[in-house]
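# Coordinate inspection notes
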Amino acid sequence: MMSRPTTIAFVSALCLGTTSAAAQDAPKKNLEISGTAGFAQTSGNASAVSTNFGNKLKYTAKGWILNEDLSFFYGEANDKVNANFWNGGLRAERQIVPRLGVFFATRFDRNVLQGIASRFEEGFGLDAKLIVEKRTQLSLQLGASAFQQQLTPGSTASIKRSYPAARAGLDFKHLLSDAAFVQQTAEWLPNLSDTESYLLNTESALVAPISKRLSVKLSYVVRYNSTPPVRNGVSLKTTDTFFSSGLTLSY
C-alpha cells in the first residue's frame, strides 16, 4: 500500500456531527464522528494506485456507548491488485461498576489476498479501565467470540468455517497535546476448536492536528493468521500489513 517517490497524493475526508464545546466545563457531546481518507498514484517506470478510507462514530445515550468503525485499503501495482481489505464493526458498552464495564460487539472483515472472502464475528465480554488519567488511558478486554467465514474461490482451510474463540484485547491511548495523540490497539483471538489456530490483530496510529478539526493520521495495521488458507495448492502468508496516511476531519 506504500507508494514510492514521484507519488502524487491527494487526501480528503468528509464527516458530519454535532458541534464540540469549546470550554472545558461544557457538557460532553452525545455524538462524535471522524473520517479519514487518502489516495496516492505513481506513474512512469512503475504504475501503482492506493486508496484508504476510514471512519469512526461514538454515540452516548442512557448510560450506553455505541461505537462504529470502518476501514478500507485497496491497491494496484502494474494493473495487479495487491491489497483488498475491509474491516468494520459495531460495539455497545456500558459501565457496571467504576472502571469495569460490559460490551457486545459484531465485526466483518474481508481480506481477499489472504483467501478470506468474508468473516463475521459476534462477541461479548468485560472491559476493565486499568489507567484513567487526563492524558493516558489503558483498557483490557476479556471475552468470547463466534466466527463464521467464507473463503475465496480455490481456497481451502484446515480449520472449521464456523468456530468459537476466546478474546483478549488491549487499547492504549496517550495525548501528546490537547489534540495530538498516539494509540495502540491489539487483540488476540485463539480458536477454541483448534488450539493451534489464532488471530492476532494490531493497529498503531499517530494523529497530529493541522487545525481545530483537521489532523494528519498515520496508521500501521498488522493482521496475523496462524493458519492461513491454502489457495490452488499454495499456502498463503500468515501476515498482512497496511500502512496508510491521510487527513482526518473530526466533529
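What counts and what doesn't
- Residues numbered from 1 in each chain as written.
- Predicted model: local features only at pLDDT ≥ 70, side-chain atom pairs only at ≥ 80, totals over all residues.
- Heavy atoms only, no water.
- Helix = DSSP H or I, 4+ residues; strand = E, 2+ residues; numbered from the N terminus.
- Buried < 20%, exposed > 50% of the residue type's maximum accessible area, 1.4 Å probe, protein only.
- Contact = heavy atoms within 4.5 Å.
- Areas by Shrake-Rupley, 256 points an atom, 1.4 Å probe, with all protein chains shown as cover.
- pLDDT = per-residue confidence, 0-100.
- 1 Å grid on protein atoms, 1.4 Å probe; cavity = no way out; pocket = protein on both sides within 12 Å on 5 of 7 lines; lining within 4 Å.
- Points joined across faces, edges and corners; volume = space filled by probe spheres on them.
- Nonpolar A, V, L, I, M, F, W, Y, C, P; charged D, E, K, R; others polar.
- Polar contact = N/O pair within 3.5 Å; in protein donor to acceptor, adjacent residues only side chain to side chain.
- Core = buried A, V, L, I, M, F, W, Y, C linked by side-chain atoms within 4.5 Å.
- Pairing = 2+ DSSP bridges.

## With respect to the overall build of the protein
- Of the regular secondary structure elements, the protein holds zero helices and 16 strands.
- Within the protein, the proportion of its 251 residues that are buried is 34%.
- Expressed as a percentage of contacts within the protein between residues at least 6 apart in sequence, the contacts between residues at least 24 apart total 51%.
- Accessible surface computed for the protein: about 14400 Å², of which carbon and sulfur atoms make up 61%.

## A closer look at the confidence of the model for the protein
- Mean pLDDT over the protein works out to 87, with 89% of the residues at or above the 70 mark.
- Note that residues 1–26 has pLDDT below 50 and, in this model, 61 contacts with residues that lie over four places away or in other chains.

## A look at empty space enclosed by the protein
- All chains considered together, the criterion is met by two cavities of 30 Å³ or more.
- Reported here for the largest cavity is a volume of approximately 60 Å³.
- Broken down by class, the residue content of the lining of the largest cavity amounts to three nonpolar, two polar and five charged.
- In this structure, the second largest cavity occupies an estimated 50 Å³ of space.
- At the level of secondary structure, the elements contributing two or more residues to the lining of the second largest cavity comprise strand S6 (100–111), strand S12 (198–209) and strand S13 (214–225).
- Each residue belonging to the lining of the second largest cavity can be placed in one class, and the counts come to three nonpolar, four polar and three charged.

## Considering the side chain of Glu-187
- Secondary-structure assignment places Glu-187 in strand S11 (residues 181–190).
- Among the polar contacts made by the side chain of Glu-187, one reaches the side chain of Arg-167 at a distance of 2.9 Å.
- Here the side chain of Glu-187 touches Asn-201 through a polar contact of 2.9 Å, side chain to side chain.
- The residues contacting Glu-187, other than those within four sequence positions of it, are Arg-167, Ala-168, Gly-169, Leu-199, Leu-200 and Asn-201.

## Re the environment of Ser-204
- Tracing the chain through its elements places Ser-204 in strand S12.
- Its relative accessible area of 29% is what places Ser-204 among the partly exposed residues.
- Counting along the chain gives 22 residues from Ser-204 to Val-182, while the straight-line C-alpha distance between them is 7.6 Å.
- In this structure Ser-204 touches Gln-183, Gln-184, Leu-218, Ser-219 and Tyr-220, once residues within four positions along its chain are discounted.
- A polar contact is formed between the side chain of Ser-204 and the side chain of Gln-184, at a distance of 2.5 Å.

## Some thoughts on the nonpolar core
- In terms of nonpolar packing, the biggest core is built from six residues, these being Phe-147, Ile-159, Tyr-163, Ala-165, Leu-189 and Leu-199.
- Leave out the neighbours within four places in its chain, and Ile-159 touches Gln-149, Asn-191, Asp-194, Ser-197 and Thr-227.
- In this structure, Ala-83, Phe-85, Val-221 and Phe-242 belong to the second largest nonpolar core, which totals five residues.

## A closer look at the sheet that holds strand S14 (residues 230–231)
- Read from one edge to the other, the open sheet built from three strands follows the order S9-S14-S15, with strand pairing classed as antiparallel. The sheet is open, and its two edges are formed by strand S9 (155–156) and strand S15 (234–235), each paired on a single side.
- Summarising the sheet, S14 and S15 pair through two bridges and their orientation is antiparallel. Within S15, the residue paired with Val-230 across the bridge is Ser-235.

## Section: the pairing of S6
- Two elements, strand S5 (residues 80–97) and S6, share twelve bridges in a ladder whose sense is antiparallel. Bridge pairing in S6 links Glu-93 to Phe-103.
- Hairpin connection, S5 to S6: the antiparallel pair is bridged by two residues, and Arg-99 has positive phi, about 70°.
- With antiparallel pairing between neighbouring strands as the criterion, S6 and strand S7 (residues 116–132) make up a hairpin whose turn holds four residues, including Gly-115 at a positive phi of roughly 85°.

## So, unusual backbone geometry
- A positive phi angle, near 50°, is found at Asn-78, a position not held by glycine.
- Note that Asn-78 resides in the loop between strand S4 (64–77) and S5.
- Of note, Asp-79 is a non-glycine position whose phi angle comes to about 65°, a positive value.
- Tracing the sequence through the fold places Asp-79 in the loop between S4 and S5.
- Residue Asp-79 is classed as exposed on the basis of its relative accessible area, which comes to 72%.

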